[in-house]
Amino acid sequence: MGRLSYEKSGVSIAGGDAWVETIKGLLANRPHDKNSVGGVGGFAGLYRIGGGQCLAACCDGVGTKLELAKATGIYRGLGQDLVAMNVNDLITVGARPLFFLDYAACGKLNETLLKEIVSGVIDACEESLCTLLGGETAEMPGVYDTSGFDLAGFSVGIVDEDKIIDGSTIEAGDIIVGLPSSGVHSNGYSLVRSALGKDGLNIDLASIPEGWKETAAEAVMRPTKLYVKTALAAVRTGVVRGMAHITGGGMYGNIIRVIPKGLDITIDFASWKRPAIFDLIASAGIDEEEMRRVFNLGIGYVFIVSPHDLPVLENALKEAGEKPVLIGEVTKCAGRV
């Protein structure tokens, strides 16, 4: 067994999953709002607003990637990370992003640093076809030290209720199509920090690993890829049955969230080439099973489509400038409930 794991680095995926179930239990004892579509635990929440339309909403942050930003001095990409972690979730239900809000908390206001981050937020919102509507900056000495800060984001979108993509039409034999990630994105960074830091390889982040064309810092801080325009182009084809944003929990843990009960999935992890950063992280002593459970490993977003409609989806993705990869399929599984 590898000597490093997400659990040992301080993060429990199982604990996080259990907490979501606790929240579901708390809500189960309260009156249900008839305008609420579905429940908590999905990539985005849905709320009816009349006229056959629903608002979709979600919130997220960038995790402990913030600590590597401090170590490397690379901050601007955090703005794109923040937007991407939200809008990439939002579009999995077929929603078009409308607006975004950000929240920054810090021990002492550093205008130069925050200006760089918010500039990245604005650029990413523009790329994602939404607007930065507002936000909050909170100076909280005593809670954070003078260099400490945290980021959170909130995104709202809109979708016709009869066009919501929820995975309900997925069948055994459907194909799973992946889009390349830009790298680690914004999940698993507690384990990344352990792997590259003194608990693992203890590498100089400013160095260029053998065979690379960039520093380790540049690779590990590459911003999360924005999938909005591509996903919306795919949705317009009318053939997409399900979508998943590959974040914490890895490939299987995220895709299975949109798979109907009684079905399962198989993933061919050899069907795409992993970015070199993942090989470097794994070399610190992390088992393959743990790598698959924590990281996207080079595929950041997936579509599920019937084999018959696969050419239509592939054409739409290629026209959008993407390089789709067939990475797996939906299977029958009588034991999954």
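In case you missed it, the structure is sitting above this.
Fair warning: this is a prediction, and the values are worked out from it, not measured in the lab. (Residues numbered from 1 in each chain as written. Predicted model: local features only at pLDDT ≥ 70, side-chain atom pairs only at ≥ 80, totals over all residues. Heavy atoms only, no water.)

Asker: Report on the overall build of the protein, specifying residues and quantitative values.
Answerer: Helix and strand counts for the protein come out as 11 helices and 11 strands. Here the C-alpha radius of gyration of the protein, 20 Å, is about what a compact globule of 337 residues would show, namely 20 Å. Its C-alpha atoms give the protein principal-axis dimensions of about 50 × 45 × 40 Å. Every one of the 337 residues in the protein was classed for burial, and the buried ones make up 50%. Partitioning the contacts of the protein with sequence separation of at least 6, the portion at a separation of at least 24 is 81%. Of the roughly 15,800 Å² of accessible surface on the protein, a fraction of 53% belongs to carbon and sulfur atoms. For the protein, the distance from the average position of its 31 positive side-chain charges to the average position of its 41 negative side-chain charges is 1 Å. (Helix = DSSP H or I, 4+ residues; strand = E, 2+ residues; numbered from the N terminus. Rg over C-alpha atoms; globule rule 2.2 N^0.38 Å. Buried < 20%, exposed > 50% of the residue type's maximum accessible area, 1.4 Å probe, protein only. Contact = heavy atoms within 4.5 Å. Areas by Shrake-Rupley, 256 points an atom, 1.4 Å probe, with all protein chains shown as cover. Lys, Arg positive; Asp, Glu negative; His and termini not counted. Charge placed at Lys NZ, Arg CZ, Asp CG, Glu CD.)

Asker: Any chance you could break down the packing of helix H3 (residues 77-90) against helix H4 (residues 111-127) for me, citing the residues and the numbers?
Answerer: One can describe the packing of H3 onto H4 by two numbers: an axis separation of 6 Å at closest approach and a directional angle of 45°. Taken together, H3 and H4 sit at an angle that is classed as oblique. Regarding H3 and H4, the two cross each other, and that crossing is right-handed. Facing Leu78, Gly79, Gln80, Leu82 and Val83 of H3, the residues of H4 in contact are Ile117, Gly120, Val121, Ala124 and Cys125. (Axes fitted to C-alpha atoms, helices over the stretch in contact; angles between N-to-C directions. Parallel < 35°, antiparallel > 145°, perpendicular 65-115°, else oblique. Left-handed = near helix turned anticlockwise from the far one by under 90°.)

Asker: With reference to specific residues and values, describe the sheet that holds strand E9 (residues 263-267).
Answerer: Sheet architecture is open: 5 strands sit in the order E8-E10-E7-E11-E9, paired in antiparallel fashion. In this open sheet, the two strands that pair with only one neighbour each are strand E8 (242-245) and E9. Each neighbouring strand pair of the sheet contributes to a mean axis angle of 25°, computed without reference to strand direction. As judged from the 4 bridges shared by strand E7 (residues 175-180) and strand E11 (residues 325-332), these two strands associate in the antiparallel manner. Counted as the bridge partner of Ile176 is Gly328 from E11. (Pairing = 2+ DSSP bridges.)

Asker: Describe the pattern of salt bridges, and please don't skip the residues or the numbers.
Answerer: In the structure shown here, the tally under the stated rule is 14 salt bridges. For the salt bridge of Lys70 with Glu67, the shortest nitrogen-to-oxygen distance reads 3.2 Å. One end of the pair, Lys70, and the other, Glu67, are both in helix H2 (residues 65-72), 3 residues apart, so they sit about a helical turn from each other. Residue class for Glu67 comes out partly exposed when judged on its relative accessible area of 35%. With a shortest N-O distance of 2.4 Å, Arg222 and Glu214 are connected by a salt bridge. (Salt bridge = Lys/Arg side-chain N within 4 Å of Asp/Glu carboxyl O.)

Asker: Before we move on, could you go through unusual backbone geometry and cite the residues and values that matter?
Answerer: Within the chain, Leu129 stands out as a residue other than glycine whose phi angle is a positive 65°. By relative accessible area, which is 43% here, Leu129 ends up partly exposed.

Asker: Report on the sheet that holds strand E5 (residues 131-139), specifying residues and quantitative values.
Answerer: Across the sheet, which stays open at both edges, the 6 strands sit in the order E1-E2-E3-E6-E4-E5 with mixed pairing between neighbours. The sheet is open, and its two edges are formed by strand E1 (36-37) and E5, each paired on a single side. Judged from the 10 bridges that link them, strand E4 (residues 96-106) and strand E6 (residues 149-160) form a sheet pairing that is antiparallel. Bridge assignment links Ala105 to a residue of E6, and that residue is Asp150. Taken strand by strand, H4 contacts E4, E5 and E6, and its axis lies near 160° from that of E5.

Asker: Summarise the environment of Tyr144; cite the residues concerned and give the values.
Answerer: With respect to the helices and strands, the residue Tyr144 is situated in the loop between E5 and E6. On the basis of relative accessibility, which here comes to 25%, the residue Tyr144 falls in the partly exposed class. The spatial distance from the C-alpha of Tyr144 to the C-alpha of Ala105 is 8.2 Å, given a sequence separation of 39 residues.

These values are about where atoms sit, not about what they do.
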